[in-house]
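Letter by letter, the chains look like this.
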Amino acid sequence: MAAGMHAAASGQLGTLFAPPSTEGPCTEPQSAPPSVEIVVLSEEQSQEAKAVLQERSRASRPSMAKYGEMLQCAENTADGSKVNRRLQLERQSGSLGKRIVDNMPILGLIPTMSWKTMRADLIAGLTVGVMVIPQSMSYASIAGLPYIYGMYAACVPTFVYAFLGQSRQLAVGPVAMVSLLVEAGLTGLLTEEECPESYKNGKLDSSIHQYEKCPEQYVQLAILTALVVGVMQILGRLLKAGFLVSFLGHPVTSGFTSGAAIIIGTSQLKYILGFNVAKSEIFLVTLWNIIQSMHKTKWMTVLLGLSWLAFLMALKRLARRGGKLALIGPLGPLISCVVGSLLMLACTPLRDDFDVKYVGEIPSGIFPVSIHHWDISSISRVIPTALSVCLIGYMESIAIGKNLAAKHGHELEAGQELFALGMSNLIGAMFSCYPVAGSFSRSAVAHATGGLTQVASIITALVMFCTLMFLTPLFKFLPHFVLAAIVISSVIPLVAYSEAMKLWRIKKADFFLWIVAFLGTLILGVLMGIALAVVLSLMIVIYESVRPQITILWRIPGTTIYRNMKQESSGGFIPNVFIARIGSSMYFANASFIKDMLLAYVEDLQEINATEYIVLEMTPVVSVDSTAIHVIQDIVHDFRSRGIQIAFAMVGNRVEKVLRKAKVSEFIGEQWFFPTVNQAVVACLQHQ
């Protein structure tokens, strides 16, 4: 690990800290480094910097913010601090204009835009708009919805996000993963009164798809899900709960996404093969249903479907070469739709003799208002689906957004993104849209085609609006196999087998987590798969938390420095003194582990270097709870009964206050607390 850290530092810092060369004898003594005079800021500047940093610290802990303001007011009254009074007045009087710009970032960008920027956004917006038309129809099919609802979801939320989102290239709209979660979560939720056709003898018939028998009622549930997702995301912003996504570890989310991508691809095979398949969110069930019905295969549909899939994959390969070919990939879905529609229109035998299925009539016109269809009494039914959509949708969106923001050199506030997605879903639910999120493929296209601001998303929304108003009749003869080929070509890159191989090389435990999440999603289904991913991630967090690293320190010869014995090959232990660093905060779940490890280390050293003193370096311990306090007292009492004294070094201010309030400092003795490890060691040797 030390070698890896050194290599990383060398790579970042160049030769500034490179070790002296060992190639050949040293002929000249190395000159001493020049002396540097360290100058500190003035007292007023230092106090101002301190106040600003404390303000940021309070903002990061909303539950403590109000308490912090009360303390700040008291401090101002007591010492008349000018800096703190100024900051308080600024907080109270905050500029309304600044708040509006913070919540609508595009307003701050428009005045700075040039014709060159507008031209770049126009190209990116048109390209993504052309790309999203067939994609939105395909993803609506995955969700079990009529095609038109995918087009609605590609228009309204995209427009809303353009005004509220901070990411300048993120393309919000229907996505495959969210569509799959919607279908998996809403399947079977309609009651017998709402959809009697899906029930036999009072029991739900799982072989009957409710979205086919009762499309209107199913659509209303999907729209209600978008409403609940929006409310959840807005509440998450207000409660600053966006950090919860961080608990989903990369290996398990990658495994889940890969498994879900295979399920999505498998669900589209029926359109390639030309026969209906009983749909299931469990991969093995769907695969078995396909195998059982293989005798129904329509070979003309298979031939055409595979040809279109090969065509789309070839265009993507060409697009990777860059240059003028870069636009071919994004235009591929539209080209395939146009060619497929013309083929079906021109070749009547494909429809009549070979029974190749096509879309049919799609209603045109503006997206209808759907507020009056909200059934508040059904909210409890869609909460599990909304929760999974909220989690996965936000996780995908923030990952894409931050990646693109880093490439373009601007920052992305997770809270504002959560709010923007929430408003996109909430307002979308008012206009017949189902849940949306950030799209990997369309965002990548927006970036590749030069999109610079959120204006590109407005252009995309206008393209879709014009399509809804005037162009939907053109999609009447669009074949199903074309839409299926678009979906399959889009989800193939999501199967991250290369990531699994990388994890195998880096860390076998992470590879195991990837495999468990991947197989769990395929075998148990999407919703159970995401539940498994969450449980696995939490188990990782808990395991790492309850087993903190206890680093053993030894002294670097000729210095007063104590370092990790694994990092420094040359060092020495102090006779009868054992020095260790506690690697994390102490709380009820890990306090006993720390005690047990210290006891084990002392027993191991009994024959080699009998321990009379233990020095605990507490720098990483930023907090302790009541259980940890009892364990600390127990550790001190236990070791003292064995004739071993414990000294504490570098105890933080917060921990020191807690120990003092609990009278643990009095129990241990103030003389056993030291500002440095070296002073603690010296005191132990003097006490000896």
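The structure this text deals with has already been given above.
Just so it is clear, the structure is predicted and the values come from calculations on it, not from any experiment.

Cut-off values and rules
- Each chain carries its own residue numbering, running from 1 in the written order of its sequence.
- Totals for whole chains, interfaces and linings use all residues, but because this is a predicted model, local features are given only for residues with pLDDT of at least 70 and pairs of side-chain atoms are given and counted only at 80 or more.
- As a convention, hydrogens and water are excluded, and side-chain values are obtained from all of the structure's heavy atoms.
- Cysteine sulfur pairs qualify as disulfides if the two atoms are within 2.5 Å.
- Elements are defined by DSSP. Helices are runs of H or I of four residues or more, strands are runs of E of two residues or more, and each kind is numbered from the N terminus.
- Only protein chains enter the accessibility calculation, which uses a 1.4 Å probe. A residue is then buried if its area is under 20% of the maximum for its type, exposed if over 50%, and partly exposed in between.
- Among buried residues, the Ala, Val, Leu, Ile, Met, Phe, Trp, Tyr and Cys ones that are joined through side-chain atoms within 4.5 Å form a nonpolar core.
- For this analysis, residues touch if any pair of their heavy atoms sits within 4.5 Å.
- Think of it this way: a Phe, Tyr or Trp ring, Trp meaning its six-membered ring, pairs with another when their centres are within 6.5 Å, and the plane angle makes it stacked under 30 degrees, edge-to-face over 60, tilted otherwise.
- Whenever a nitrogen or oxygen atom comes within 3.5 Å of another N or O atom, the pair is scored as a polar contact, on the condition that within protein one atom can donate a hydrogen and the other can accept it, and that pairs from neighbouring residues in sequence are kept only if both atoms are in side chains.
- Multiplying 1.5 Å by the residue count of a helix minus one yields the expected span of that helix.
- Fitting axes to the seven residues that end at a residue and to the seven that start at it, the angle between those axes gives the bend at that residue.
- Any two strands with at least two DSSP bridges between them are considered paired.
- With axes taken as lines fitted to C-alpha atoms, and helix axes fitted only over the stretch in contact, angles between N-to-C directions fall between 0 and 180 degrees.
- Each patch groups residues whose relative accessible area exceeds 30% and which form no salt bridge, using 9 Å between like charges and 5 Å between nonpolar side chains of Val, Leu, Ile, Met, Phe, Trp and Tyr.
- Accessibility throughout is a Shrake-Rupley quantity obtained with a 1.4 Å probe, and a residue counts as covered only by protein chains that appear here.
- Here, a salt bridge means any Lys or Arg side-chain nitrogen found within 4 Å of an Asp or Glu carboxyl oxygen.

Draft legend 1. How the structure looks around the state of the cysteines. For the structure on display, the rule yields 1 disulfide. The disulfide bridge from C195 ends at C214, spanning 2.1 Å between sulfur atoms. Disulfide C195-C214: the torsion about the S-S bond is 85 degrees, which places it as right-handed. On the criterion of sequence distance, the pair formed by C195 in the loop between α10 (176-186) and β2 (199-200) and C214 in the loop between α11 (210-213) and α12 (215-238) is long-range, its members being 19 residues apart. By relative accessible area, C195 is classed as buried at 0%. Since its relative accessible area comes to 4%, C214 is described here as buried.

Draft legend 2. Spotlight on the nonpolar core. Within the largest apolar cluster, 124 residues are counted, with the highest numbers of intra-cluster contacts made by M137, L145 and F256. Setting aside residues no more than four positions away along its own chain, M137 makes contact with Y147, M151, V359, I362, F475, L478 and L483. In terms of nonpolar packing, the next biggest core, distinct from the first, is built from 48 residues, I574, A591, V664 and V681 among them.

Draft legend 3. Just the packing of aromatic side chains, in detail. This model, assessed by the stated rule, comprises 14 aromatic pairs. Ring centres of W514 and F518 lie 5.0 Å apart, and the angle between their planes is 20 degrees; this geometry places the pair in the stacked category. Taken as a pair, W514 and F518 lie in helix α25 (residues 508-524) at a separation of 4 residues, close to a single helical turn. With a relative accessible area of 13%, F518 lands in the buried category. Measuring from centroid to centroid gives 5.1 Å for Y587 and F588, while their planes differ by 90 degrees, and the two rings are edge-to-face. The class of Y587 is partly exposed, set by a relative accessible area of 23%. Through pairs of rings, three or more aromatic residues link up here, namely F367, F431 and F465.

Draft legend 4. The side chain of T225, seen in detail. Topologically, T225 is positioned in helix α12. With relative accessibility at 0%, the residue T225 sits in the buried group. Here L221 takes part through its backbone oxygen, which lies 2.8 Å from a polar atom of the side chain of T225.

Draft legend 5. Region of interest: helix α17 (residues 328-346). For α17, spanning 19 residues, the distance from its first C-alpha to its last is 25 Å, which sits close to the expected 27 Å at 1.5 Å a residue. The sharpest bend along α17 reaches about 30 degrees and sits at L334. Burial in α17 covers these residues: G329, P330, G332, P333, S336, C337, G340, S341 and M344. Those residues of α17 that are buried lie in contact with α7 (115-142), α16 (299-319), α18 (348-352), α21 (440-448) and α23 (480-491).

Draft legend 6. Layout of the sheet that holds strand β8 (residues 613-617). With respect to topology, 6 strands assemble into an open sheet ordered β6-β5-β7-β8-β9-β10, the strand pairing being mixed. The strands lining the two open edges of the sheet, one partner per strand, are β6 (562-564) and β10 (673-674). By the bridge criterion, 2 bridges tie strand β9 (residues 645-649) to β10 in an arrangement that is parallel. Considered in β10, the bridge of A649 is made with F674. Across the face of the sheet, helix α28 (residues 626-641) comes into contact with β8 and β9 while running at roughly 140 degrees to β9.

Draft legend 7. Structural view of a nonpolar patch on the surface. On the surface, a nonpolar cluster with roughly 840 Å² of combined accessible area is contributed by L284, L287, W288, I291, M294, L519, I523, L524 and M528. If you list the elements that add at least two residues to the nonpolar patch, you get α15 (283-292) and α25. No other element matches the 4 residues that α15 contributes to the nonpolar patch. Within the secondary structure, M294 is located in the loop between α15 and α16.

Read these as spatial facts, not as claims about activity.
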